[in-house]
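# Fold and contact review
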Amino acid sequence: MILVADSGSTKTDWLLKQPGQEATAFRTPGLNPYFLSEKEIVKILQEQAPDLVAFGAEVKEVYFFGAGCSSPDRHEIVSNALSVFLARHT
């Protein structure tokens, strides 16, 4: 399953896609690492992304396009948060 996110400061549009199946789209609050810590991102995902919780174990690839992710340290915040979140749901 592939997970794609387009994130700004106010909202994140998500798409879960597995070959041969309909895509699942959902929205969460924005996940800008300039304003949020790794723990805050994980908490938002836990509370606001039930579709991702349900399919987290099946995600094999993640493509995150987001505001605030231009520097390596900010990129790492999002990457770590997604890794922690998905690991909890495997």
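A brief report on the enclosed structure follows. Given the structure is predicted, the values throughout are model-derived calculations rather than measurements. (Residues numbered from 1 in each chain as written. Predicted model: local features only at pLDDT ≥ 70, side-chain atom pairs only at ≥ 80, totals over all residues. Heavy atoms only, no water.)

## Describing the overall build of the chain
Each helix and strand in the chain was counted, giving three helices and four strands. Along its sequence from the N terminus, the chain presents helices and strands in the succession β-β-β-α-α-β-α. Over its C-alpha trace the chain gives a radius of gyration of 12 Å, about what one expects of a compact globule, namely 12 Å for 90 residues. Dimensions along the principal axes, computed over C-alpha positions, put the chain at roughly 35 × 20 × 20 Å. Nonlocal contacts in the chain, meaning residues at least 24 apart in sequence, comprise 52% of its contacts between residues at least 6 apart. (Helix = DSSP H or I, 4+ residues; strand = E, 2+ residues; numbered from the N terminus. Rg over C-alpha atoms; globule rule 2.2 N^0.38 Å. Contact = heavy atoms within 4.5 Å.)

## Examining the packing of aromatic side chains
Evaluated as defined, the whole model comprises three aromatic pairs. Ring-pair connections join several aromatic residues into one group, and the members of that group are Trp14, Phe26 and Phe64. (Phe/Tyr/Trp six-rings, centres within 6.5 Å; stacked < 30°, edge-to-face > 60°.)

## Overview of the packing of helix α1 (residues 38–48) against helix α3 (residues 72–88)
At a minimum axis distance of 9 Å, the contact between α1 and α3 shows a crossing angle of 45 degrees. Taken together, the axis directions place α1 and α3 in an arrangement best described as oblique. Relative to α3, the crossing made by α1 is right-handed. Only Ile77, Val78, Asn80, Ala81, Leu82, Val84, Phe85 and Arg88 of α3 make contact with α1, whose side of the interface consists of Glu38, Ile41, Val42, Leu45 and Gln46. Residue composition of the contact of α1 with α3, by class: nine nonpolar, two polar and two charged. (Axes fitted to C-alpha atoms, helices over the stretch in contact; angles between N-to-C directions. Parallel < 35°, antiparallel > 145°, perpendicular 65-115°, else oblique. Left-handed = near helix turned anticlockwise from the far one by under 90°. Nonpolar A, V, L, I, M, F, W, Y, C, P; charged D, E, K, R; others polar.)

The analysis is restricted to geometry; functional conclusions fall outside its scope.
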